[in-house]
Amino acid sequence: MRFFCFALLPLSLAGPSLQAQESIPPLQQQLEQMQRAYQAQQRAIAVLEQRLRQLEGRSAAAPTAQAQAQAQADNASHQGYGSALTQNTQPPPSVENLYQEATGFFGDGNFSLEPSLTYSHYDSRQLFLNGFLALDAIFLGNLGVDQIDADTFTLDLTGRYNWDQRWQVDLNLPLIYRQTQYKSAGAGGSSAQISAETVSSNPRLGDISAGIAYKFLDEAEGVPDAVFSLRIKAPTGIEPYGIKLNEVPGNSNLKVPDELPTGNGIWSITPGVSLVKTLDPAVVFGNLSYTHHLKDSFSDISTQAGARIPGEVDLGDWVQFGLGTAFALNEQMSLSLSFSQLLSQKSRLRTKGQPWQSITGSDANAAYFNVGMTYAVNNDLTLVPNLSIGLTPEAPDFSFSLKLPYYF
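What you see is a predicted model, and the numbers here were worked out from it, not measured in a lab.

Participant: Looking at this structure, how should I read the overall build of the protein chain?
Facilitator: Along the backbone of the protein chain there are four helices and 21 strands. Within the protein chain, the proportion of its 408 residues that are buried is 31%. Within the protein chain, residue pairs in contact and separated by at least 24 positions form 61% of the contacts whose partners lie at least 6 positions apart. Accessible area of the protein chain: about 24800 Å², with a carbon and sulfur share of 58%.

Rendered as structure tokens:
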């Protein structure tokens, strides 16, 4: 800001002189110039004051805006994984993979291709007696011990297509290789003699299945993500009916099949529902499904060599459920623990003109404990190993699978 000083010159008391009169116009002109400059400075000061008030106002409001931004960030961090997946925010890859594994439903992209390899081992031992007890203590007859070691390798190729973030269809093509070793002791009445025979099959196509899923709920407070699915399996594999059992030379207790099946020979329909809920920092999930097998007729259902008996087969329906939890270890890796169980009803057979007969031992209770992991190699490729441990005699001893879903 500039300051101006004015000086007054003394004039003669006798009256203004001609020289003094001549100096008045320049002074008036100078005064007018000063006044105009002063007014311009006043306007500049007013503008500066207004600008200063605006800056002071923003400075006072800055802590509030910062607090609001921090609150929004805190709120987003506590919204959970499901909210991040359903909004425009980008969740960590490991978190997104948790949802895809828990529900079987992927949201990003339109198409995914998933090759997987599964190895299962089953070991069963059974003691059988052919005779009678004497004096309620001594067994007279043949003593036999049967043992079955089964190994199965399954190469699956699954394609999934997603549209509108709600609907998804998939197609699964399995290629199965099986090898089973049969052992039996008690040949000739001696438990010391053991016979063994191995039956294997070339890799063959299993039962092809296709499914459709609809996501009817998005996760919110008190509401989980929910997906309904419907699956159909076609009997494209080798059916187990009509396969003949042949006696192993030297041991009448041991009979082995001509070949090993790769399917169950029956059409099936499986509706199911999957639920996923975030309980920060973990994710809990559950699923329930029911499999109904359609009755079918076959030209041969006999296992006796040289015999051919047509008949109908009614496989028992299945109820399967599971629950578990998962949590992200870091941006790329997550870990999951789950329990699953399958309950199967008894199967029935009927030959022409005869009533239905239930097959003893065909009902099953297979329970598993599963330990899985997902590792996001990049935004498109994920590595998913899983170990399943059988908890009941009907379940395989263990199964190990490795999946590599790739998202386009």
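The rest of the description comes next.
Participant: Sorry, what's going on with the sheet that holds strand E16 (residues 348-351) here?
Facilitator: By definition, the strands of a sheet pair up through backbone hydrogen bonds, in either a parallel or an antiparallel sense. Sheet architecture is open: four strands sit in the order E12-E13-E16-E17, paired in antiparallel fashion. The open sheet has two free edges, formed respectively by strand E12 (296-298) and strand E17 (357-358), since each of these has just one partner strand. As judged from the three bridges shared by E12 and strand E13 (residues 311-314), these two strands associate in the antiparallel manner. Along E13, the bridge assignment pairs Phe298 with Gly311.

Participant: Mind showing me how you'd approach the environment of Tyr161 here?
Facilitator: Positionally, Tyr161 belongs in strand E2 (residues 138-163). Sequence-wise, Tyr161 and Leu171 are 10 residues apart; in three dimensions their C-alpha atoms are separated by 9.2 Å.

Participant: Explanation requested: the packing of aromatic side chains in the structure shown.
Facilitator: Going through the model one piece at a time under the given rule, you end up with nine aromatic pairs. Ring centres of Tyr241 and Phe298 lie 4.6 Å apart, and the angle between their planes is 45 degrees; on these two criteria the pair is classed as tilted. Linking Tyr241 in the loop between strand E7 (225-233) and strand E8 (245-248) with Phe298 in strand E12, this pair joins segments that are 57 residues apart in sequence. What links up through ring pairs into an aromatic cluster is the set Tyr119, Phe153, Tyr177 and Phe398. Over the aromatic face of Trp356 sits the side chain of Arg348, whose NZ or CZ is 4.6 Å from the ring centroid.

Participant: Can you help me understand the side chain of Ser268 in this one?
Facilitator: You can see Ser268 is positioned in strand E10 (residues 268-279). By relative accessible area, Ser268 is classed as buried at 5%. With residues up to four places along the chain from it excluded, the contact list for Ser268 reads Arg231, Ile232, Lys233, Thr291, His292 and His293.

Participant: What should I look at first to understand the pattern of salt bridges in this one?
Facilitator: Pairing between side chains of opposite charge can happen when their charged atoms approach one another. Considering all chains together, one arrives at 10 salt bridges under this definition. Close ionic contact of Arg204 with Glu259 constitutes a salt bridge, the shortest N to O distance being 3.2 Å. Residue Arg204 is found in strand E5 (residues 204-205), and its partner Glu259 is found in the loop between strand E9 (251-257) and E10; the two are separated by 55 residues along the sequence. Between Asp314 and Arg348 there is a salt bridge, and its shortest N-O distance comes to 3.0 Å. Remark: Arg348 occurs in strand E16 and Asp314 occurs in strand E13; sequence separation between them is 34 residues. Salt bridges sharing common partners tie together Arg166, Lys215, Asp218 and Asp225.

Participant: Would you explain the pairing of E8 in this entry?
Facilitator: For a regular strand, side-chain orientation follows a simple rule: the groups alternate between the two sheet faces. Bridge analysis of E8 against E9 gives four bridges, and the strand direction is antiparallel. Each bridged residue has a counterpart across the sheet, and for Val248 the counterpart in E9 is Asn251. Two successive antiparallel strands, E8 and E9, enclose a turn made up of two residues, where Gly250 displays a positive phi of approximately 90 degrees.

Participant: Explain unusual backbone geometry to me, please; I cannot follow it from the model alone.
Facilitator: Most of the time, phi is negative for any residue but glycine, and the peptide bond is trans. Phi at Asp164 takes a positive value of approximately 65 degrees, unusual for a residue other than glycine. Position of Asp164 relative to the elements: it lies in the loop between E2 and strand E3 (167-185). By relative accessible area, which is 59% here, Asp164 ends up exposed. In this model, Gln165 sits at a positive phi of 60 degrees, which is unusual for a non-glycine residue. Topologically, Gln165 is positioned in the loop between E2 and E3.

Participant: Sorry, what's going on with the confidence of the model for the protein chain here?
Facilitator: Any residue range with low pLDDT should be treated as having predicted coordinates unsuitable for detailed reading. Looking at the protein chain, pLDDT values average 76 and 69% of them are 70 or higher. Scored below 50 in pLDDT, residues 128-143 shows 27 contacts in the model against residues more than four places distant or in partner chains.

Participant: Please explain the pairing of strand E15 (residues 333-344) as it appears in this structure.
Facilitator: Two elements, strand E14 (residues 318-328) and E15, share 11 bridges in a ladder whose sense is antiparallel. In the sheet register, Phe321 faces E15, and the bridge partner there is Gln341. Sheet analysis places E15 next to strand E18 (residues 364-376), joined by 12 bridges and oriented antiparallel. Note that in E18 the partner of Leu342 across the bridge is Ala366.

Participant: Would you mind showing me how to read the side chain of Glu219 here?
Facilitator: Considering the arrangement of structural elements, one finds Glu219 in the loop between strand E6 (209-217) and E7. A polar atom in the side chain of Glu219 sits 3.4 Å from the side chain of Lys277.

Participant: Explanation requested: the environment of Arg166 in the structure shown.
Facilitator: Its location among the elements puts Arg166 in the loop between E2 and E3. The class of Arg166 is partly exposed, set by a relative accessible area of 24%. Separated by 52 residues in the primary sequence, Arg166 and Asp218 place their C-alpha atoms 9.8 Å from one another.

Participant: How should the environment of Ser344 be read in this particular structure?
Facilitator: Counting through the fold element by element, Ser344 comes out in strand E15. Under the relative-accessibility criterion, Ser344 is labelled buried at 15%. On a C-alpha basis, the gap between Ser344 and Trp318 in space is 4.6 Å, while along the polypeptide they are 26 residues apart. Residue contacts for Ser344: discarding those within four places in its chain leaves Gly316, Asp317, Trp318, Ser362, Asp363 and Ala364. One polar contact links Ser344 to Trp318, side chain to side chain, over a distance of 3.2 Å.

Criteria and thresholds
- Residues numbered from 1 in each chain as written.
- Predicted model: local features only at pLDDT ≥ 70, side-chain atom pairs only at ≥ 80, totals over all residues.
- Heavy atoms only, no water.
- Helix = DSSP H or I, 4+ residues; strand = E, 2+ residues; numbered from the N terminus.
- Buried < 20%, exposed > 50% of the residue type's maximum accessible area, 1.4 Å probe, protein only.
- Contact = heavy atoms within 4.5 Å.
- Areas by Shrake-Rupley, 256 points an atom, 1.4 Å probe, with all protein chains shown as cover.
- Pairing = 2+ DSSP bridges.
- Phe/Tyr/Trp six-rings, centres within 6.5 Å; stacked < 30°, edge-to-face > 60°.
- Lys NZ or Arg CZ within 6 Å of the ring centre and 35° of its normal.
- Salt bridge = Lys/Arg side-chain N within 4 Å of Asp/Glu carboxyl O.
- pLDDT = per-residue confidence, 0-100.
- Polar contact = N/O pair within 3.5 Å; in protein donor to acceptor, adjacent residues only side chain to side chain.

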